[in-house]
Amino acid sequence: MSATAVDDRARYRANPTVLEALKSPRMLTREVLAGLVVGLALIPEAIAFSVIAGVDPKVGLFSSFIMAVSIAFLGGRPAMVTAATGAVALVIAPVAPTYGMDYFIATVILAGIFQVILGVLGVAKLMRFIPRSVMVGFVNALAIFVFSSQFPQLIDAPWLVYPLVALGIVVMIVMPKITKVVPAPLVSVVIVTAVVLTFAITVPTVGDQGELPKSLPELFIPNVPLTWETFTIIAPFALGVALVGLMESLLTAKLVDEITDTHSNKTRESWAQGVANILSGTFGGMGGCAVIGQTMIGVKASGARTRISTFCAGLFLFLLVVVFGDFVSTIPMAALVAVMIMVAIGAFDWHSVKPSTLKRMPKSETFVMVATVVLVLITHNLAVGVVGGVLVASVLFVRRVAHFVSVSRTVSAAGDSVTYVVNGELFFASSNDLTTLFSYPEDPQHVVIDLAGSHIWDASTVAALDAIETKYAALGKTVEIIGMNESSQRMRGRLSGGFE
């Protein structure tokens, strides 16, 4: 076995491991209860996302069950939860009403295939290009998104909903100060539900969100023609689902890494998401990706750290819906709204908006963070916000780096030659102005350009150097370029003279 393989295994080793959790009653209890809380929280969202996607509620519920269980075994980020999500639902929403359920399921399966291919190709490595300011914007936008998604349950609701939500929030604030053995969100849900049932309070419940399934998911082979026309219909939607799902999953994995101070295998997570989507589609599910809200409930609010919590979330979701559906239907939505509000408050990076932080942070960093948040809120799509944030950050970075190039001019004592010393990174943004920094008519016959303090990165720079030589040649003067490093020499040797 190579040293690299050993290093990777040590780096991605779960801490704690599943075996360690199984040997510790305290840890195992925490993982199982965290799974129970997450399973409860998945039910209303899965139903809601099914409505967005234009399919029956059981499609979202079965998808969440299958994906959570499968990712518990296959995924690269322990304790992260995968299920039906709003982002995926928005992308795939036009398929079922326009083309029918068979095309819908075929789209989900193809999206999974795309994700497996992208995972194998190493798309996860692109995560390193997402700057911290975009990550902060993603987290803050997500918190706002989770919080605002609770408004439908609070607007025009019976007045008793508000004190029940307040009660749930108070329980979650006080409970950790008393004990952390039992997750505070679970205690909150139990207490609020008990109050509603004891006093026969009439408020919206989980059962009001849609009918819960009563049977196991069945194998679903989509009846679509295997033709190029079918591929052209479903491929754009499938690719959208694949990209959005991978982006949200990898960003969520990175966030959990930071919270738990552990590493996760992003490449494994990428192809595992694809396999989970293929399995979801094969059993009639709508597909999905990592659900950051429920992941935060498990990891941050309930202390989950292993795959056990993710497996239990899927298992409890199935048991609660199929076996205990009648009881789950009586859980007031106010109890789950309180949990999601606390998740939103806990997920938001309050440090990033403190006046002291804003004063100290470069304005460009703050602008990128705000741009990411605004794009997410406008489009209701986390992936669009992240891509937009990365583009804004890239433009600002290029603009800033472009001004780091300096050129100094020194004429020899004899006056028969001039030396230009160029310092800084030379690429398209900085080299475009390079040709304007030379005094062509005034310079003597011999011109030396010293590039020892710079580096040639692209064809734009080589073209700029060629243009400088051409201008001097037109005046009958010679140019000598010195000090180039080996990489720059290879770049110029390969490209010079090829722009005419």
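The shown structure was predicted, so the numbers you read here are calculated from the model rather than taken from an experiment. (Residues numbered from 1 in each chain as written. Predicted model: local features only at pLDDT ≥ 70, side-chain atom pairs only at ≥ 80, totals over all residues. Heavy atoms only, no water.)

Enquirer: How should the pairing of strand S6 (residues 478–482) be read in this particular structure?
Expert: Here is the key point about a regular strand: its side chains alternate between the two faces of the sheet. Burial of S6 is one-sided: the residues Val479 and Ile481 facing one way are buried, the residues Thr478, Glu480 and Ile482 facing the other way are not. Running through helix H22 (residues 459–474), the crossover from strand S5 (residues 446–456) to the neighbouring parallel element S6 is right-handed. (Buried < 20%, exposed > 50% of the residue type's maximum accessible area, 1.4 Å probe, protein only. Helix = DSSP H or I, 4+ residues; strand = E, 2+ residues; numbered from the N terminus. Right-handed = clockwise from strand over helix to strand, strands pointing away.)

Enquirer: How do you make sense of the sheet that holds strand S3 (residues 406–411) when you look at a structure like this?
Expert: Within a sheet, adjacent strands bond to each other through the backbone by hydrogen bonds, running parallel or antiparallel. Taken together, 4 strands build an open sheet; the order of strands is S3-S4-S5-S6 and the sheet is mixed. Both outer strands of the open sheet, S3 and S6, are each paired with one neighbouring strand and no more. Geometrically, the sheet is characterised by an average inter-axis angle of 20° between neighbouring strands, direction not taken into account. Where strand S4 (residues 417–426) lies against S5, 9 bridges are found, and the strand directions are parallel. Within S5, the position partnered with Glu425 by the bridge is His455. Running over the sheet, H22 touches S4, S5 and S6 and is turned about 175° from S5. (Pairing = 2+ DSSP bridges. Axes fitted to C-alpha atoms, helices over the stretch in contact; angles between N-to-C directions. Contact = heavy atoms within 4.5 Å.)

Enquirer: Explain the packing of helix H11 (residues 184–198) against helix H17 (residues 333–347) to me, please; I cannot follow it from the model alone.
Expert: If you want to describe how two helices pack, look at the angle between their axes and the distance between the axes. Axis separation between H11 and H17 bottoms out at 8 Å; the angle between their running directions is 155°. By the angle between their axes, H11 is roughly antiparallel relative to H17. Where H11 crosses over H17, the handedness of that crossing is right-handed. When H11 is examined against H17, the residues Pro185, Val189 and Val192 are found in contact with a partner set consisting of Ala335, Leu336 and Val339. The residue inventory of the contact of H11 with H17, partitioned by class, reads 6 nonpolar, no polar and no charged. (Parallel < 35°, antiparallel > 145°, perpendicular 65-115°, else oblique. Left-handed = near helix turned anticlockwise from the far one by under 90°. Nonpolar A, V, L, I, M, F, W, Y, C, P; charged D, E, K, R; others polar.)

Function-wise, these values are silent; they only describe arrangement.
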